[in-house]
Amino acid sequence: MWVNSVTKTFVLFLSLKFLIEEILSKINSRHILKHREQVPHGFEQFIDLPTYQKSIDYTFSKSKFSSICNGWTFFWDVIFLCSGCLPFLFSILSKYFGFTIWGQAATLVTVNILLSFLSIPFGWWRQFHLEKNFGFNRSTQTIFWTDKIKGYIVSFLFGLPIISAVVYLFQKFPNSWWIWGWATVMFFQTVMIVIYPLLILPLFNKLTPLGDGELKDRLLELAQLTNFPINKIYTMDGSKRSAHSNAFFTGIGKFRHIVLYDTLIQQMTIEEITATLAHEIGHYKHQHIRTHLIVEGICTLCGFGMLYYLSLTNWFLESFGFYAAYEYSLIPLILIFSIAITGITFWIEPLLNFLSRKHEYEADQFALKILGEPEPLISGLRKLHRENLSNLTPHPLFTAFYYSHPTLLERESALREKK
Ligand SMILES: [Zn+2]
């Protein structure tokens, strides 16, 4: 066991994180159960009591499930930090893959894949029990397991060159590697945004260009009206795995795609889908994607800065049972850092979610301005919430911490206010 002031500090942060997660979950569950007997005022027209109660039960089940997942993650994080099993795993894999740049990168990717095995039973249970019980699961065992294998192949193929590049820079430029490493990661990330819809998404889903017809005409008309360069509109077979519905943008610049889930097209009217697209165009017009990338870039740079500082010391790695020579110390550093840091980044999440909720309001207001009326957006949002059994009455503290989108009530009142 590695129990010293460093491991104790990080375990304290992780315990605090777990404790706050549990408290927030309890507060939220109690709050939603209090509202179980009556549909919130103003929503009686679009959701009946049984569906509303089903949405409460769904939220409650998800919350109980996340508590178990959080406990499991906490348990393993403490084991990894204090038991010395990570240095053991690292030394076995390093002997196998060797200490070349590629060997070190392969060790890191393999450890990450092995660690992710721990969460597979939970993913499986979520899909085939939790989601199934509420009528959302459409996936099969074959789809579930082939998704996993494809995911691991993709992370190996893309993870290996990125990590190798960073290890190379680490060895070549001992003082400035963290700046170059950061620039490399950001560059790869931008490339990934471009190739994701072209290469990776099609591995998992079938994308079909949206057929000619009223829906396509209306969407193109809207794109022209808002001077939004639209490349392609696709429908995606989201129904292959789940009954949940969604729409999203992917790619950047010339490579931008709009993807509509087939489930969304089934559930919404043409007006509602057009309103959803207007909201998405709002994100583009307000440059939210760029802001998001800048914030992410700053956070990643801070991470690299911390790694650089820690790479200059011995105490950090030694506290966790590693005795790597400087040349080979980056991979153990990343390993420990990525586990330990979650006890700190957890506290930044509410700030990022606050920014995201602000962006959602702005995109809604943009859609309102373009459409001239709030109704299609509101009825689209209501359907999304009803069909996905989203919770209508979360506790304000819970939403402040976790919600990247304002609640339906908040969005509706903001849309009606500015009418
Ligand atoms: Zn949005």
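Residues numbered from 1 in each chain as written. Predicted model: local features only at pLDDT ≥ 70, side-chain atom pairs only at ≥ 80, totals over all residues.

Engineer: Hey, could you run me through the overall build of the protein in this one?
Structural biologist: When helices and strands are counted, the protein shows 18 helices and 4 strands. By the compact-globule yardstick of 22 Å for 419 residues, the protein fits well, its C-alpha radius of gyration being 23 Å. Along the three orthogonal principal directions, the C-alpha set of the protein runs to about 65 × 50 × 40 Å. The proportion of buried residues among the 419 residues of the protein is 24%. Considering only intrachain contacts with a sequence separation of at least 6, the fraction spanning at least 24 residues in the protein is 75%. (Helix = DSSP H or I, 4+ residues; strand = E, 2+ residues; numbered from the N terminus. Rg over C-alpha atoms; globule rule 2.2 N^0.38 Å. Buried ≥ 20, exposed ≤ 12 C-beta atoms within 10 Å, placed from the backbone. Contact = placed C-beta atoms within 7 Å.)

Engineer: Can you walk me through the domain arrangement of the protein in this structure?
Structural biologist: Interface size, as often reported, equals the accessible area lost upon joining of the parts. Split into domains, the protein comes out as domain 1 (55-203 + 291-348) and domain 2 (205-267). Computed over C-alpha atoms, the centres of domain 1 and domain 2 are 31 Å apart. Facing the 13 residues of domain 1 at the interface are 13 residues of domain 2. It is helix α7 (residues 177-204) that provides the largest number of residues to the side of domain 1 that touches domain 2, a total of 6 residues. In terms of residue class, the side of domain 1 that touches domain 2 is made up of 8 nonpolar, 3 polar and 2 charged. (Domains from an automatic or database assignment. Nonpolar A, V, L, I, M, F, W, Y, C, P; charged D, E, K, R; others polar.)

Engineer: How do you make sense of the sheet that holds strand β3 (residues 247-250) when you look at a structure like this?
Structural biologist: Within a sheet, neighbouring strands are paired by backbone hydrogen bonds and run either parallel or antiparallel to one another. On the basis of which strands lie adjacent, the open sheet formed by 4 strands has the order β1-β2-β4-β3 and mixed pairing. Each end of this open sheet is capped by a strand with a single partner; those strands are β1 (207-209) and β3. Sheet twist, expressed as the mean angle between neighbouring strand axes with direction ignored, is 30°. Sheet analysis places β3 next to strand β4 (residues 257-261), joined by 4 bridges and oriented antiparallel. Following the sheet pairing, F249 is matched in β4 by I258. The strands touched by α7 are β1, β3 and β4; relative to β3, the strand with the most contacts, the crossing angle is about 130°. (Pairing = 2+ DSSP bridges. Axes fitted to C-alpha atoms, helices over the stretch in contact; angles between N-to-C directions.)

Engineer: Just to check I follow, could you spell out unusual backbone geometry for this structure?
Structural biologist: Most of the time, phi is negative for any residue but glycine, and the peptide bond is trans. Even without being a glycine, Q287 presents a positive backbone phi close to 55°. Position of Q287 relative to the elements: it lies in the loop between α10 (270-285) and α11 (288-311). Not every positive phi belongs to a glycine, and L389 is a case in point at roughly 50°. By the element assignment, L389 lies in the loop between α16 (375-387) and α17 (396-402). L389 sits in the buried class, given 22 other C-beta atoms within 10 Å.

Engineer: Explain the packing of helix α15 (residues 349-371) against helix α18 (residues 408-417) here, please?
Structural biologist: Angle between the axes and distance between the axes: these two values describe a pair of packed helices. Their axes nearest at 10 Å, the elements α15 and α18 cross at an angle of 40°. Classed by the angle they form, the pair α15 and α18 counts as oblique. Handedness of the α15/α18 crossing: right-handed. Residues Y361, D364 and L368 of α15 pack against R411, A414 and L415 of α18. Classifying every residue of the contact of α15 with α18 by side-chain character gives 4 nonpolar, no polar and 2 charged. (Parallel < 35°, antiparallel > 145°, perpendicular 65-115°, else oblique. Left-handed = near helix turned anticlockwise from the far one by under 90°.)

Engineer: Sorry, what's going on with the pairing of strand β2 (residues 232-236) here?
Structural biologist: For a regular strand, side chains alternate in direction, first toward one face of the sheet and then toward the other. Pairing geometry for β1 and β2, over 3 bridges, is antiparallel. The residue of β2 that forms the bridge with T208 is T235. The sheet contact formed by β2 and β4 spans 5 bridges and is parallel. Bridge pairing in β4 places M236 opposite Y261.

Engineer: Honestly, the environment of D48 in this entry has me stumped. Any pointers?
Structural biologist: With respect to the secondary-structure elements, D48 resides in the loop between α1 (5-34) and α2 (49-82). The sequence separation of D48 and Q38 amounts to 10 residues, and the corresponding C-alpha distance is 9.5 Å.

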